[in-house]
Amino acid sequence: MIGRRLLSLIVVVVACLISLAASARHTAQDRGQSRPGAVIVGRVVSVADGDTLTVLDQYDGQHRIRLFGIDAPEKAQPFGNQAKKSLSKKVFGAMVRVDVVDVDRYGREVGRISLGNRFINLEQVRDGYAWRYAEFDRQHEFDRAETDARRHRRGLWAGAHPTPPWQFRLAHRGAG
């Protein structure tokens, strides 16, 4: 009799521990706590701007993703809305792969976005809807794409004097 009760208690405790561990993992995913080197596969459920999107993974965990190595115009900048539309057209509703490179100071995972054999970060630069973010693109993988977009005056490069988003943010931070 005591043996069965003890066995039942052990089974309940183990089940609770397993449930607690799964819940903790799920909560970390909900908060975008993947570590560099992690891979997220999921559906793009929203696009905030030309370099930020949200992916819903197989566990219904939401991951706010900042595209690695690029910086798109802010919404209030010229071509900000076009950059968002460009990214939306490419990935909204699609299943993507995110190779997490870092987690930024806002808790967003910073990643390389793939859609099949397409590298979406590179496409945004090539299409003229983002700058190469030199501070983070240490391998210079976006150099050619940006040079080509400038040469052919695609996207934001059609403007007379495009202002990089980091300069725009700095100017508006000082004014505010």
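Located above this text is the structure these notes cover.
Report on the accompanying structure. (Residues numbered from 1 in each chain as written. Predicted model: local features only at pLDDT ≥ 70, side-chain atom pairs only at ≥ 80, totals over all residues. Heavy atoms only, no water.)

1. Thoughts on the pattern of salt bridges
And step 1. Counted under the stated rule, the structure contains 14 salt bridges.
And step 2. The salt bridge partner of Glu 141 is Arg 112, with a shortest N-O separation of 2.7 Å. Here Glu 141, found in the loop between β8 (131-132) and α4 (143-151), pairs with Arg 112, found in strand β6 (residues 109-115); they are 29 residues apart in sequence, far enough to count as distant.
And step 3. Accessibility expressed as a relative area gives 30% for Glu 141, which makes it partly exposed.
And step 4. For Arg 112, a relative accessible area of 27% translates into the label partly exposed.
And step 5. With a closest N to O distance of 3.3 Å, Asp 127 and Arg 126 form a salt bridge.
And step 6. The class for Asp 127 is partly exposed, based on a relative accessible area of 22%. (Salt bridge = Lys/Arg side-chain N within 4 Å of Asp/Glu carboxyl O. Helix = DSSP H or I, 4+ residues; strand = E, 2+ residues; numbered from the N terminus. Buried < 20%, exposed > 50% of the residue type's maximum accessible area, 1.4 Å probe, protein only.)

2. Structural notes on the pairing of strand β3 (residues 62-67)
And step 1. The pairing of strand β2 (residues 52-57) with β3 spans 5 bridges and is antiparallel. Directly across from Val 55, in β3, lies its bridge partner His 63.
And step 2. In sequence, β2 turns back onto β3 through a hairpin of 4 residues, with Asp 60 there showing a positive phi of about 65°. (Pairing = 2+ DSSP bridges.)

3. Details of the pairing of strand β5 (residues 95-103)
And step 1. Pairing of strand β1 (residues 39-49) with β5 involves 5 bridges; the strand directions are antiparallel. Of the residues in β5, the one forming a bridge with Val 41 is Arg 97.
And step 2. Note: β5 against β6, 6 bridges, orientation antiparallel. The residue of β6 that forms the bridge with Val 98 is Ile 113.
And step 3. Linkage of β5 to β6, two consecutive antiparallel strands, is achieved through a turn of 5 residues, within which Gly 107 is found at a positive phi near 85°.

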